[in-house]
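A structural walkthrough
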Amino acid sequence: MSPSPPATLTVSTVAAAVGGVGHHLLKIEGYSRLKCTHGEAGSCLESGEFTAGGHAWRVLCYLNGNREESAGFVSLYLRRAGGATGVVHAEIEFELVRHHGAAVATHGKYARAVPFDADGKEWGYPKFIATEKLERSRFLRDDCFAVRCTVTVVEERAAVEEDVTAEDVERVGLVCRCKDDSCGFKHESPAQTLRVKIALICRFICGDASS
């Protein structure tokens, strides 16, 4: 009976890569007056348009929550600016930042990776910080506070074929005991166990029934 053809192993990798990172600082000045004009749940303040990772964005700040369920909280969201097409995956992070001359401090620093499509869908945090907590904090000074938004655009890198390493062979369980120097699979050391199982693998891979 002729030996079985040698087994082969190939490896490829699909990876996520950072397509670009951008930061935007949204400053809210005249907080107490803006609470009067945007004090209803669902009423938002919009940042100017900014670019991050080759795409246009806007930050949305709801001073009394983006809906009734989040009333009493500041809600922070991000959406793509008008004219966008296709789907973009991005990680978003919001922080309340210190005032000039104050001790270094942040609040929040929440990050999540989400898909942004072209229909204006918003992603963010409905209960970023309670309004009472904000108003008692050092982040609100002279009736002003500021939010930093960091956008990290994530891109998928196409599958790339790679050379097979000994670690790859070991991870898939292809361990060989043959004496063939041309065999590309990992060989067991004398101290390794499970010899019966390894011998069966060797017969399958190399057709070596004498070991």
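Residues numbered from 1 in each chain as written. Predicted model: local features only at pLDDT ≥ 70, side-chain atom pairs only at ≥ 80, totals over all residues. Heavy atoms only, no water.

The name recorded for the protein chain in an unreviewed UniProt entry is MATH domain-containing protein, from Urochloa decumbens.

A look at the overall build of the protein chain
Check the secondary structure of the protein chain and you find four helices and 11 strands. Taking all 211 residues of the protein chain together, the buried fraction comes to 36%. In the protein chain, of all internal contacts separated by at least 6 residues, the share reaching a separation of at least 24 is 64%. Of the roughly 12700 Å² of accessible surface on the protein chain, 50% is carried by carbon and sulfur atoms. (Helix = DSSP H or I, 4+ residues; strand = E, 2+ residues; numbered from the N terminus. Buried < 20%, exposed > 50% of the residue type's maximum accessible area, 1.4 Å probe, protein only. Contact = heavy atoms within 4.5 Å. Areas by Shrake-Rupley, 256 points an atom, 1.4 Å probe, with all protein chains shown as cover.)

A few points about the pattern of salt bridges
One pass over the full model with this rule turns up six salt bridges. Taking the shortest distance from any N to any O, the salt bridge between Arg-79 and Glu-122 comes out at 3.7 Å. Of this pair, Arg-79 sits in strand β5 (residues 73-80) while Glu-122 sits in the loop between β7 (106-116) and β8 (123-130); the two residues are 43 residues apart in sequence, bridging distant segments of the chain. Of the residues examined, Arg-79 reaches a relative accessible area of 22% and is grouped as partly exposed. Taking the relative accessible area as the measure of exposure, Glu-122 reaches 24% and is therefore partly exposed. Across the pair Glu-95 and Arg-148 runs a salt bridge whose closest N-O atoms are separated by 2.4 Å. Here Arg-148 lies in strand β9 (residues 144-162) and Glu-95 lies in strand β6 (residues 88-97), a separation of 53 residues in the sequence. With a relative accessible area of 32%, Arg-148 lands in the partly exposed category. A single network of salt bridges, built from pairs that share partners, joins Glu-46, Glu-49, Arg-58, Arg-79 and Glu-122. (Salt bridge = Lys/Arg side-chain N within 4 Å of Asp/Glu carboxyl O.)

Some details on the environment of Gly-42
In this structure, Gly-42 sits in the loop between α1 (31-37) and β2 (44-46). On the basis of relative accessible area, Gly-42 is assigned to the partly exposed category, the value being 38%. Put simply, Gly-42 and Ser-70 are 28 residues apart on the chain and 9.3 Å apart in space, counted from C-alpha to C-alpha. Not counting residues within four places of it along the chain, the set of residues in contact with Gly-42 comprises Tyr-62, Gly-65, Asn-66 and Arg-67.

As for the nonpolar core
One finds Trp-57, Leu-78, Phe-94, Leu-134, Phe-145 and Val-151 to be the most contacted residues of the largest nonpolar core, which totals 31 residues. Breaking this core down by element, the ones donating at least two residues are β1 (11-29), β3 (50-52), β4 (55-62), β5, β6, β7, β8 and β9. When residues no more than four places from it in sequence are discounted, the contact partners of Leu-78 are Phe-50, Trp-57, Arg-58, Val-59, Ile-92, Phe-94, Phe-116, Lys-121, Glu-122, Trp-123, Cys-149 and Val-151. (Core = buried A, V, L, I, M, F, W, Y, C linked by side-chain atoms within 4.5 Å.)

Quick notes on unusual backbone geometry
Positive phi outside glycine occurs at Asp-142, with the angle close to 55°. Along the chain, Asp-142 falls in the loop between α2 (131-136) and β9. The residue Asp-143 is not glycine, and still its phi comes out positive at about 65°. Its place among the elements puts Asp-143 in the loop between α2 and β9.

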